[in-house]
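The chain contents come next:
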Amino acid sequence: MSIVVEMRGIGKSFPGIRAIDNIKLQIKHGEIHVLLGENGAGKSTLMNILYGLYQPDEGEILIKEKEVKITNPNVAISMGIGMVHQHFMLVPPFTVTENIVLGSEPKKGLTLDIDSAIKEVEAISKKYELHVDPRALVQDISVGMQQRVEILKTLYRGAEILILDEPTAVLTPQEIEELGVILKSLVSQGKSIILITHKLKEVMSMSDRVTIIRRGKVIDTLDTKSTNIEELAEKMVGRKVNLYQEKSLPNIGDTVLQVKGLRVLDHRKLEHVKGVDFEIRSGEILGVAGVDGNGQSELIMAITGLTKVASGAVLLNGKDITGKIPKEVINSGVGHIPEDRHKRGLVLDFSLAENSILGSHHSKKFKAGTGLNYRKIRDYAKRLISEFDVRTPSEKVSAKSLSGGNQQKLIVARELDRDPSLLIAAQPTRGLDVGAIEFVHKRLLEQRDHGKALLLVSLELDEILELSDRIAVMYDGKIVGVLDAKDATEKRLGIMMAGGDSKASDADIQ
Amino acid sequence: MENRKSELIEEIKKNAKEISYPLIAIIISFIAGGFLIYAFGKSPMVAYKSLIQGSLGDWNKFGETLVVVTPLILTGLSVAFAYKCGLFNIGAEGQFIIGSISAVWAGWAFNGLPPVLHVFLTLAVGAAAGGIWAGIVGWLKAKVGSHEVINSIMMNYIALNVSNYLTMTFLNEEAKAFTHEIAQSAKLWRFAEAFAQFKYSRLNIGIFIALAAALIAYYILNKTVRGYEIRAVGYNPHASEYGGISIAKNIVLTMVISGMFSGLAGAIQIAGVQYRANNLFGFTGYGFDGISVALVGNNHPIGIVLSGLLFGILQKGGSNMQLNGIPKEVVGIIQGIIILFVAANFVRIVFDKIKENRHLKQKTIREGK
Ligand SMILES: Nc1ncnc2c1ncn2[C@@H]1O[C@H](COP(=O)(O)OP(=O)(O)OP(=O)(O)O)[C@@H](O)[C@H]1O
Ligand SMILES: [Mg+2]
């Protein structure tokens, strides 16, 4: 098999950090090659170099055995390299086709030839089994579909080598499976794929080879067939990793959160949460399982005051907090790891120090006279950074410059350190490496053992099963059943998540 | 101690970097302007010399330049402050006008107050009026979501007409197209009273008030909880909301503070320079120039002081150039070039390219060896 991409001795530094150090990478024609590495290992940076977004400080790149200089993404595209980023770059009010042709619009005279564009998009979509509707508006389609649009966009521009940066982080298990099929169909028709992911199961099922990167250096390149999850985890983190946490028996106390008959409407008066009742007691973790878009996000927003409650009640430690503004909810003892870190969790242009006090910026401990005491804020941030192993040159850099996983670690650190009596964790480990997941899971269990109440919302069934004491399944805006963790299995949850009856499914399983 | 010192140095460095790009853009603009003047068949040397002489040539000219600089700094701060919260306050002009006319009223109606108190009251009334004027726009944005740009443009026209109405009726000096003069006790102290060098200039302590305002704006934005919230809302309203920050409250407050800077500019113009308001045929331009000043000053309080100075020099010196046979429009063109360069972030783009090329070159040199 021929080598389509070769990177030799690549190095790249950012102020205060050697992000990439003497990296060697070979991609064979027609393979799916996974880049695996801790948060901040340098995977995205390396791929941004290949795509021409960054210039390497040293080293050379060969495409189809010819040395090239990739000075910007247009050069990369002309060489047949396409990239789908960790965070999408689509224009929501445009149609799928308009997004795809943006920047390389087919012209008929002076006007845009949209009909031929639609035809071409349809043809590519069919060829690789993408099932994308070229006329739909991007804002109306699911995240999984949007990702396919991004893939289509690269194919439309003639990509032979596709780079996918953490494509599965935002997908549901069903969508991940479908993506697997698409990738197989792409390589079977002669494309080569570089895939970044933290999910070891996916590495095993989707890839042909794996390259492991740690702190900017290549540790090893392995054939997927000849390795296993434990080995990969160890190579990546540099120590043995407990993929599953030991959990003590819960020590359950008083009711902390009580939700009664909660209903939530959106601005179009569509009902997203349709009368939900549950409670969480101190010392327990209630997991909420469900396919994305079944009202989980709206439920959390209603509890935290980020959206209006149509009817029903939310009580925290017996106190009514229904319809309170976010500030009051925070002050009454609620911590919240939001599902979308770029939208809600961080002010990307703020420094890490400034981000570390978001939500507790009114606290007396950060004040000095009429102003904020920035020295104390920085010291506080430094402590969080070292306690939670956030990889960054300093607390003064902007949150923007951190790798995705390290941004997440900072948010987790901030919310746990507030020591809330109720912690809402939505997708708390999205984008984290296995080492960091181990760490965050440990800290969440620690909170539980210290008598906190936790509401865990996750699309990862593994995570739900591993951490929860009880599991509520949400379907179509309602809680369709609550299981004790010991009675829950992946299969049973799966049936309930699809709207099946929990009782009937019992019989099915037995 | 050591710690604090290094911290200070770092802060200065950071701020210097932020205003260095516009500075370079300005130098380039002057060079480009020089070529232009040459193309008109005039000597750039003569032109720039008369520009400097007209604005900084002697103490009186310098004083008069600072008289123009004072309101420019304040309206520049006004626009920049709103910008930090993600708002475009194009209504600085109206806030300036409403601040002026209110100051005329306060300076005239409270005749008999002790001087210091009266001056203070006059400025406070002007600032408050500007604050309320802008606050209405903020409130409309926060409550009904109507866009601040459109509303503040409309408020500009309302301000102009309200001011003219008051000038010709309630505050009118009989049979004149201007208002009563404010009381002696409401007038700002002029340099001419103590320094003979400034005898023929209207320079007053308003310039120090403007400088103090720049420091206050810097302090509020960068060192207080309020500033933290304002900037957070400007950068990312969703995350702010999540962090318990009220977007509506900060929008209104920001507009009020922003309007106060413009209103104060108008009040100083009355209490320190004009002593009365005229029936206006059109906008004064101070508010609109504030937008350019803020842009060139990179929305940074210190940058705004410098760019306010620059615009003041261009305005004052420009008239002098005309006396020397160089069309005044040249100044307008130079201003235009500066704004274009700054707005397009031209210098930064060029610098990044140069840096990149240097990297590539070093690499080829290394490889060549
Ligand atoms: N634009 C930048 N400015 C400064 N530092 C940067 C920049 N981009 C990345 N870095 C740093 O380079 C290192 C590598 O980051 P990179 O984003 O490549 O990590 P990653 O392997 O993709 O991690 P993750 O799995 O968390 O996404 C990190 O330490 C990061 O802080
Ligand atoms: Mg990354």
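For the structure itself, look to the data block above.
This report concerns the structure included in the present document. (Residues numbered from 1 in each chain as written. Chains lettered and ligands numbered in written order. Predicted model: local features only at pLDDT ≥ 70, side-chain atom pairs only at ≥ 80, totals over all residues. Heavy atoms only, no water.)

Each helix and strand counted, chain B has 14 helices and 0 strands in total. Ordering the α and β elements of chain B from the N terminus gives α-α-α-α-α-α-α-α-α-α-α-α-α-α. For chain B, the C-alpha radius of gyration of 22 Å lies close to 21 Å, the compact-globule estimate for 369 residues. Projecting the C-alpha coordinates of chain B onto the three principal axes gives extents of approximately 85 × 60 × 45 Å. Going through the 369 residues of chain B one by one, you find that 49% of them count as buried. Look at the contacts in chain B between residues 6 or more apart in sequence, and 76% of them connect residues 24 or more apart. Carbon and sulfur atoms make up 67% of the accessible area of chain B, which amounts to about 17,300 Å² in all. Distance between charge centres in chain B, computed from 31 positive and 20 negative side chains, equals 6 Å. (Helix = DSSP H or I, 4+ residues; strand = E, 2+ residues; numbered from the N terminus. Rg over C-alpha atoms; globule rule 2.2 N^0.38 Å. Buried < 20%, exposed > 50% of the residue type's maximum accessible area, 1.4 Å probe, protein only. Contact = heavy atoms within 4.5 Å. Areas by Shrake-Rupley, 256 points an atom, 1.4 Å probe, with all protein chains shown as cover. Lys, Arg positive; Asp, Glu negative; His and termini not counted. Charge placed at Lys NZ, Arg CZ, Asp CG, Glu CD.)

It is worth spelling out the interface of chain A and chain B at this point. Each side of the interface is counted separately: chain A has 37 residues, and chain B has 28 residues. The junction of chain A with chain B conceals about 2,900 Å² of combined surface from both sides, 54% of it contributed by carbon and sulfur atoms. Summed over the shared surface of chain A and chain B, the result is 3 salt bridges. A:K396 is paired through a salt bridge with B:E10; the nearest N and O atoms lie 2.9 Å apart. The interface formed by chain A and chain B holds 19 residue pairs in polar contact (both at pLDDT 80 or more) in total. Looking at the side of chain A that touches chain B, the elements that each hand over two or more residues are β4 (58-63), α10 (326-331), α11 (341-345), β20 (371-372), α13 (374-387) and α14 (404-417) of chain A. Here the side of chain A that touches chain B gets 4 residues from one element, more than from any other, and that element is α11(A). Residues of the side of chain A that touches chain B, tallied by class, amount to 12 nonpolar, 10 polar and 15 charged. (Buried area = accessible area lost by both parts, 1.4 Å probe. Salt bridge = Lys/Arg side-chain N within 4 Å of Asp/Glu carboxyl O. Polar contact = N/O pair within 3.5 Å; in protein donor to acceptor, adjacent residues only side chain to side chain. Nonpolar A, V, L, I, M, F, W, Y, C, P; charged D, E, K, R; others polar.)

Moving on: unusual backbone geometry. All names here are of chain A. The backbone of N22 sits at a positive phi, close to 50°, despite the residue not being glycine. Secondary-structure assignment places N22 in strand β2 (residues 17-28). Accessibility expressed as a relative area gives 56% for N22, which makes it exposed. Look at K269: it is not a glycine, yet its phi comes out positive at around 70°. Among the secondary structure elements, K269 is positioned in the loop between β13 (255-265) and β14 (271-281).

Turning our eyes to something else, we now look at the pattern of salt bridges. Residue and element names in this part refer to chain A. One pass over the structure, following the stated rule, counts 45 salt bridges over all chains. Close ionic contact of R8 with E60 constitutes a salt bridge, the shortest N to O distance being 3.3 Å. Here the residue R8 occupies a position in strand β1 (residues 3-14), and E60 occupies one in strand β4, the gap between them amounting to 52 residues. Classification of R8 by relative accessible area gives partly exposed; the value is 35%. Among the salt bridges present, the one from D419 reaches K452, with a minimum N-O distance of 3.0 Å. Of the two residues, D419 sits in the loop between α14 and β21 (422-426) while K452 sits in the loop between α15 (434-449) and β22 (453-457), which places them 33 residues apart along the sequence. Residue D419 is classed as partly exposed on the basis of its relative accessible area of 48%. Each of R18, D21, E58 and K217 takes part in one network of salt bridges that share partners.

Side chains on a regular strand alternate between the two faces of the sheet. All names here are of chain A. Here β13 runs beside β14; their pairing, made up of 8 bridges, is antiparallel. Looking across to β14, one finds that L262 is bridged to V276. Counting the residues between successive antiparallel strands, the hairpin from β13 to β14 contains 5 residues, one of them, K269, with a positive phi of roughly 70°. (Pairing = 2+ DSSP bridges.)

All names here are of chain A. Read from one edge to the other, the open sheet built from 4 strands follows the order β14-β13-β16-β17, with strand pairing classed as antiparallel. Each edge of the sheet is formed by a strand with only one pairing partner; in this case those strands are β14 and β17 (319-320). Here strand β16 (residues 311-316) pairs with β17 via 2 bridges, running antiparallel. Paired with L315 across the bridge in β17 is D320.

Geometric descriptors of this kind do not, in isolation, establish any biological role.
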